[in-house]
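Chain by chain, the residues:
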Amino acid sequence: MIIIKTPDQIEKIRLSSQLAAKTLEFVSKLIRPGVSTLSLNDIAHKYMLDHHAIPATLNYGGFPKSICTSINNVVCHGIPSSKQVLKEGDIINIDITTILDGYFGDVSATYPVGKISPKAEELLLRTKESLDLSIQSLQPGKSLNLCVGHVIEPYVKRFGFSVVKDLGGHGVGLKFHEDPFVYHFDTGDKKPILKPGMIFTIEPMVNASSNWHVNIDPVDGWTVRTQDNSLTAQFEHTVLITDSGHEVLTSLH
Ligand code: MF3
Ligand code: CO
Ligand code: CO
């Protein structure tokens with residue numbers, strides 16, 4: 001069941017989403033060769049606590065850290081580690097979810113580490129653009145798939161890329177993961193229909209190859225990698241459906 005949020009709940013989720021976005025902005029400025037993903041985790045953790053929030057990922061289903069850090073061929077759910085040190089040419093997704101006053105906001109972006117290859121540049125550009133195009137299409141009365149999977153999948157395919165199918169976006173706000181499941185490929189579904197007060201994430205994971213398959217690390221049980229070890233990128237926003245269209249709750253501008 002998709003929850004329609006009340007104006008009070010929306011304001012609280014907006015505040016949490018803004019803090020998630022500010023935390024991401026803050027830690028992303030520290031990305032450079034030589035920095036460990038554990039140090040990014042620790043800085044983000046402190047930032048959230050200093051702003052009276054709790055990192056939602058810490059202990060979520062046993063996840064051991066406060067943010068997800070996913071490098072190069074890691075699709076998502078990478079675990080920050082002191083052994084994982086950024087190097088020139090890497091791309092890294094940082095995914096941050098805050099709990100503020102009991103309400104959840106979820107955001108992520110993929111960043112270059114120093115100078116990256118033209119192919120990696122193209123992947124970041126097109127993945128971000130696919131999210132932005134999807135968001136621009138959101139309005140009440142349209143189906144979720146028409147605005148998300150139907151927009152994102154054909155767009156990234158034009159560049160020889162593919163959309164990961166095993167993972168998706170999700171309703172968010174009162175809990176970390178609520179209905180609906182948000183597919184980033186075209187399912188052809190006519191339902192659900194978008195309604196004012198719905199809040200969910202859109203978070204396409206795009207592989208720089210035509211192979212959309214992924215594997216989960218059998219040792220840590222979390223790290224999701226591309227099956228063919230191709231580069232992969234992700235951008236995520238928490239969005240609200242409004243009477244007139246939409247609002248990006250995790251946007252700072
Ligand atoms: N933030 C991720 C999402 O966008 C979920 C991370 S779950 C974790 O849905 F357990 F890996 F942290
Ligand atoms: Co997230
Ligand atoms: Co999410």
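Our subject is the structure listed above.
Residues numbered from 1 in each chain as written. Chains lettered and ligands numbered in written order. Predicted model: local features only at pLDDT ≥ 70, side-chain atom pairs only at ≥ 80, totals over all residues. Heavy atoms only, no water.

Account for the site of ligand 1, with residues named and values stated.
Residues in contact with ligand 1 amount to 14 residues; listed here are only the nearest, T57, H170, H177, E203 and E236. Within the contact set of ligand 1, an oxygen atom lies 3.1 Å away from a side-chain nitrogen or oxygen of D106. Here H170 contributes a side-chain N or O atom positioned 3.0 Å from an oxygen atom of ligand 1. Considering ligand 1 on its own, with 340 Å² of exposed area, one finds that the protein chains cover 96% of that surface. (Near = heavy atom within 4 Å. Polar contact = N/O pair within 3.5 Å; in protein donor to acceptor, adjacent residues only side chain to side chain. Areas by Shrake-Rupley, 256 points an atom, 1.4 Å probe, with all protein chains shown as cover.)

Go over the coordination of the cobalt ion (ligand 2), please, and point to the residues and values.
For the cobalt ion (ligand 2), every protein donor is listed as D95 (OD), D95 (OD), D106 (OD) and E236 (OE), and the spread of their distances is 2.1 to 2.4 Å. Considered as a linear motif, the donors of the cobalt ion (ligand 2) on their single chain read D-x10-D-x129-E. Here the cobalt ion (ligand 3) and the cobalt ion (ligand 2) are spaced 3.3 Å from one another, each receiving a donor from D106. A residue pair is termed long-range when its members are at least 10 positions apart, and D95 in strand β4 (residues 91-100) and D106 in strand β5 (residues 103-112) qualify at eleven residues. An identical accessibility class is assigned to D95 and D106; each is buried. (Donors = N, O, S within 2.8 Å, 3.2 Å for Na, K, Ca; no water. Helix = DSSP H or I, 4+ residues; strand = E, 2+ residues; numbered from the N terminus. Buried < 20%, exposed > 50% of the residue type's maximum accessible area, 1.4 Å probe, protein only.)

How would you sum up the sheet that holds strand β3 (residues 74-76)? Please name residues and give values.
Pairing within the open sheet is antiparallel, and its three strands lie in the order β3-β12-β11. Only two strands of the sheet have a single neighbouring strand rather than two, namely β3 and β11 (214-216). Each strand of the sheet is rotated relative to its neighbour by a mean of 40°, with strand direction disregarded. For β3 and strand β12 (residues 224-226), the ladder comprises two bridges, and the chain directions are antiparallel. Bridge pairing links V74 to R225 in β12. (Pairing = 2+ DSSP bridges. Axes fitted to C-alpha atoms, helices over the stretch in contact; angles between N-to-C directions.)

Describe the pairing of strand β2 (residues 68-71), naming the residues involved and giving the relevant values.
Of the two faces of β2, the one holding C68 and S70 and the one holding T69 and I71 are both buried throughout. Here β2 pairs with β4 via four bridges, running antiparallel. Along β4, the bridge assignment pairs T69 with I94.

Describe helix α2 (residues 37-50), naming the residues involved and giving the relevant values.
Taking 1.5 Å of rise per residue, the 14 residues of α2 would be expected to cover 20 Å, and the 20 Å separating its terminal C-alpha atoms lies within 8% of that figure. Of the surrounding elements, those touching the buried residues of α2 are α1 (7-28), β1 (53-55), β2 and β4. (Expected span 1.5 Å × (residues − 1). Contact = heavy atoms within 4.5 Å.)

Tell me what's going on with the coordination of the cobalt ion (ligand 3), and back it up with residues and numbers.
Ligation of the cobalt ion (ligand 3) by protein atoms is provided by D106 (OD), H170 (NE2), E203 (OE) and E236 (OE), these donors lying 2.0 to 2.2 Å from the ion. For the cobalt ion (ligand 3), the six donor atoms in the first shell make angles of 50 to 160° at the metal, so the coordination geometry reads as irregular. Donor residues binding the cobalt ion (ligand 3) come from one chain and are separated in sequence as D-x63-H-x32-E-x32-E. (Tetrahedral: all angles 85-135°; square planar, octahedral: opposite > 155°, others 65-115°.)

Describe the nonpolar core, listing the residues and the values that go with them.
Nonpolar side chains tend to gather and get buried jointly when the protein is soluble and globular. Residues I92, I94, L138, F200 and I202 are the most contacted members of the largest nonpolar core, which totals 49 residues. Formed by eleven residues, the second largest nonpolar core is a distinct cluster that contains F104, F176, L240 and L249. (Core = buried A, V, L, I, M, F, W, Y, C linked by side-chain atoms within 4.5 Å.)

How would you sum up the sheet that holds strand β10 (residues 205-207)? Please name residues and give values.
If you walk across this open sheet you meet the three strands as β6-β10-β13, and the pairing is antiparallel. At either margin of the open sheet sits one strand with a lone partner, and together these are β6 (162-163) and β13 (232-234). Sheet topology note: the β10/β13 ladder contains three bridges and is antiparallel. The partner of V206 across the bridge, within β13, is A233.

Help me get a handle on the packing of aromatic side chains, residues and values and all.
Tallied over the full model, the rule gives eight aromatic pairs. With centroids separated by 5.1 Å and ring planes inclined at 65°, the aromatic side chains of Y155 and F159 adopt a geometry described as edge-to-face. Residue Y155 is classed as buried on the basis of its relative accessible area, which comes to 9%. Exposure remark for F159: the relative accessible area of 23% places this residue in the partly exposed category. Grouped by ring-pair contacts, the aromatic residues Y60, F104 and F176 constitute a single cluster. K165 extends its terminal NZ or CZ atom over the ring of F185, reaching a point 5.0 Å from the ring centre. (Phe/Tyr/Trp six-rings, centres within 6.5 Å; stacked < 30°, edge-to-face > 60°. Lys NZ or Arg CZ within 6 Å of the ring centre and 35° of its normal.)

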